Amino acid sequence: HEHDDFDSFVLEIGEITSPNALIAKLEKAIAAEGILRVKGFLTVKDKDMRLVLQGVGSRLQHYFDREWAADEPRVSKLVIIGEHDMDQAAITNMILA
């Protein structure tokens, strides 16, 4: 299989305060910028558990799966997979705004 039609990048977004606010930003970016898939682990303020976020197309789901391990860095990272010509800067700006 050739994967030249797709690009991906990792976006570190820091601790989030509201999963729903992030979901709203992702929905706009998905609709506007040709994002095909999103996945990652997020740290949520005042929560001891990590948040799993997965999305295919416009279908996004999120849930807490387990507590962060003591030696595990509490870092929020998303892998963004999209069409070859997706605008990484625009996507980053939409999510971090």
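Right, let's walk through the structure included here. (Residues numbered from 1 in each chain as written. Predicted model: local features only at pLDDT ≥ 70, side-chain atom pairs only at ≥ 80, totals over all residues. Heavy atoms only, no water.)

Observations concerning the overall build of the protein
Part 1 of the reasoning: In terms of helices and strands, the protein carries 2 helices and 5 strands.
Part 2 of the reasoning: In the protein, the succession of α and β elements from N to C terminus is β-α-β-β-β-β-α.
Part 3 of the reasoning: The C-alpha atoms of the protein give a radius of gyration of 14 Å, which matches the 13 Å a tight globule of 97 residues would have.
Part 4 of the reasoning: Reported as C-alpha extents along the three principal axes, the dimensions of the protein are approximately 40 × 30 × 20 Å.
Part 5 of the reasoning: Out of the 97 residues in the protein, the part that is buried amounts to 33%.
Part 6 of the reasoning: Contacts in the protein between residues far apart in sequence, at least 24 positions, make up 67% of those at least 6 positions apart. (Helix = DSSP H or I, 4+ residues; strand = E, 2+ residues; numbered from the N terminus. Rg over C-alpha atoms; globule rule 2.2 N^0.38 Å. Buried < 20%, exposed > 50% of the residue type's maximum accessible area, 1.4 Å probe, protein only. Contact = heavy atoms within 4.5 Å.)

So, helix α2 (residues 88–96)
Part 1 of the reasoning: Along α2, the residues classified as buried are Ala 90, Ile 91, Thr 92 and Ile 95.
Part 2 of the reasoning: Where α2 starts, the residue carrying a side-chain oxygen 3.2 Å from the main-chain nitrogen of Ala 89 turns out to be Asp 87. (Polar contact = N/O pair within 3.5 Å; in protein donor to acceptor, adjacent residues only side chain to side chain.)

Thoughts on the sheet that holds strand β5 (residues 77–83)
Part 1 of the reasoning: The antiparallel open sheet is built from 5 strands, whose spatial order is β1-β5-β2-β3-β4. The strands lining the two open edges of the sheet, one partner per strand, are β1 (6–12) and β4 (59–67). Here the average twist between neighbouring strands, direction ignored, is 10°.
Part 2 of the reasoning: Pairing of strand β2 (residues 35–43) with β5 involves 6 bridges; the strand directions are antiparallel. The partner of Lys 39 across the bridge, within β5, is Val 79.
Part 3 of the reasoning: Strands β2, β3 (49–56), β4 and β5 of the sheet are contacted by helix α1 (residues 19–33), whose axis makes an angle of about 145° with β4. (Pairing = 2+ DSSP bridges. Axes fitted to C-alpha atoms, helices over the stretch in contact; angles between N-to-C directions.)

What about the pattern of salt bridges?
Pairs can form between side chains of opposite charge whenever their charged atoms are close.
Part 1 of the reasoning: Under the definition given, this model contains 3 salt bridges.
Part 2 of the reasoning: Across the salt bridge formed by Asp 65 and Arg 50, the nearest N and O atoms sit 2.9 Å from each other. Highlighted residues: Asp 65 in strand β4 and Arg 50 in strand β3, separated in sequence by 15 residues.
Part 3 of the reasoning: Among the residues examined, Asp 65 registers a relative accessible area of 30% and is labelled partly exposed. (Salt bridge = Lys/Arg side-chain N within 4 Å of Asp/Glu carboxyl O.)

What to know about the environment of Ala 97
Part 1 of the reasoning: For Ala 97, the location among the structural elements is in the segment after α2.
Part 2 of the reasoning: Exposure remark for Ala 97: the relative accessible area of 67% places this residue in the exposed category.

Side note on unusual backbone geometry
Part 1 of the reasoning: A positive phi angle is found at Asp 46, which is not glycine, with a value near 65°.
Part 2 of the reasoning: Inspection of the secondary structure puts Asp 46 in the loop between β2 and β3.

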